[in-house]
Amino acid sequence: MLLLTSPWLIGLLVIVFSIGVALCFVGLMVSLMTALGNKNWLWAAGMLAIFPLAAVYCLRRWQIAAWPGKMLLSGMGLLIPPIAYFLLMIK
């Protein structure tokens, strides 16, 4: 239990979480601009309203949205360990 509460682990998870949030934000903005550039107005409005729709858009239109999709999905993947740690520690 002492290893799970050590400051270096918490610091590392904060850094990983911050990088994940930054990647998700940039991926969302680029996928939003991609949708607007391709005149997919409903997708763009949906991305503004509901964040996970950006990942769905990137996966469905991988030919035109591969770069923002890679950023978005890798950012979401980086968010998993810190969120899992937080959920494990609040029990």
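Residues numbered from 1 in each chain as written. Predicted model: local features only at pLDDT ≥ 70, side-chain atom pairs only at ≥ 80, totals over all residues. Heavy atoms only, no water.

**So, helix 4 (residues 66-89)**
Residues separated by three or four positions in an α-helix point in the same direction, a consequence of the helix having 3.6 residues per turn. In this model helix 4 runs 35 Å from its N-terminal to its C-terminal C-alpha over 24 residues, within 8% of the 34 Å that 1.5 Å per residue would give. For helix 4, the principal kink sits at Ile80 and spans about 25°; a proline, Pro81, occurs within the next four residues. Residues Ala66, Pro68, Gly69, Met71, Leu72, Gly75, Leu79, Pro82 and Tyr85 constitute the buried set of helix 4. On the buried face of helix 4, the contacting elements are helix 1 (7-37) and helix 3 (53-60). (Helix = DSSP H or I, 4+ residues; strand = E, 2+ residues; numbered from the N terminus. Expected span 1.5 Å × (residues − 1). Bend = angle between axes of the 7 residues up to and from the residue. Buried < 20%, exposed > 50% of the residue type's maximum accessible area, 1.4 Å probe, protein only. Contact = heavy atoms within 4.5 Å.)

**Section: the packing of helix 1 against helix 3**
The geometry of helix 1 relative to helix 3 is characterised by a closest axis approach of 10 Å and an angle of 55° between their N-to-C directions. Taken as axis vectors, helix 1 and helix 3 run oblique relative to one another. Pair helix 1 / helix 3 crosses with left-handed handedness. Facing helix 1, whose interface residues are Leu28, Ser31, Thr34 and Ala35, helix 3 presents Ala54, Tyr57 and Cys58. Across the contact of helix 1 with helix 3, the residue classes tally to five nonpolar, two polar and no charged. (Axes fitted to C-alpha atoms, helices over the stretch in contact; angles between N-to-C directions. Parallel < 35°, antiparallel > 145°, perpendicular 65-115°, else oblique. Left-handed = near helix turned anticlockwise from the far one by under 90°. Nonpolar A, V, L, I, M, F, W, Y, C, P; charged D, E, K, R; others polar.)

**Brief notes about the nonpolar core**
Ranked by internal contacts, the top residues of the largest apolar core, which has 14 residues, are Ala35, Trp43, Met47, Ala54, Tyr57, Cys58 and Leu72. Contributions of two or more residues to this core are made by helix 1, helix 2 (41-49), helix 3 and helix 4. (Core = buried A, V, L, I, M, F, W, Y, C linked by side-chain atoms within 4.5 Å.)

**Considerations on the side chain of Thr34**
Locating Thr34 in the fold gives a position in helix 1. In this structure the side chain of Thr34 is engaged in a polar contact, spanning 2.8 Å, whose partner is the backbone oxygen of Val30. Beyond its immediate sequence surroundings of up to four residues, Thr34 is in contact with Tyr57, Ile64, Ala65 and Pro68. (Polar contact = N/O pair within 3.5 Å; in protein donor to acceptor, adjacent residues only side chain to side chain.)

**So, the packing of aromatic side chains**
A complete count under the given rule lists one aromatic pair for this structure. Ring geometry for Trp43 against Tyr57: centres 5.4 Å apart, planes inclined by 55°, an arrangement best described as tilted. With Trp43 in helix 2 and Tyr57 in helix 3, the pair connects residues that are 14 residues apart, well separated along the chain. (Phe/Tyr/Trp six-rings, centres within 6.5 Å; stacked < 30°, edge-to-face > 60°.)

**So, a nonpolar patch on the surface**
Side chains of Phe17, Val21, Ile83, Phe86, Leu87 and Ile90 sit close together on the surface and give an oily, nonpolar patch of about 550 Å² of accessible area. Among the elements that line the nonpolar patch, the one with the most residues is helix 4, at three residues. Note on placement: Phe17 falls in helix 1. By relative accessible area, Phe17 is classed as partly exposed at 36%. (Patch = residues over 30% accessible without salt bridge, like charges linked within 9 Å, V, L, I, M, F, W, Y side chains within 5 Å. Areas by Shrake-Rupley, 256 points an atom, 1.4 Å probe, with all protein chains shown as cover. Salt bridge = Lys/Arg side-chain N within 4 Å of Asp/Glu carboxyl O.)

**Considering unusual backbone geometry**
Non-glycine residue Lys39 carries a positive phi angle of around 60°. Among the structural elements, Lys39 can be located in the loop between helix 1 and helix 2.

Read these as geometric descriptors, not functional statements.
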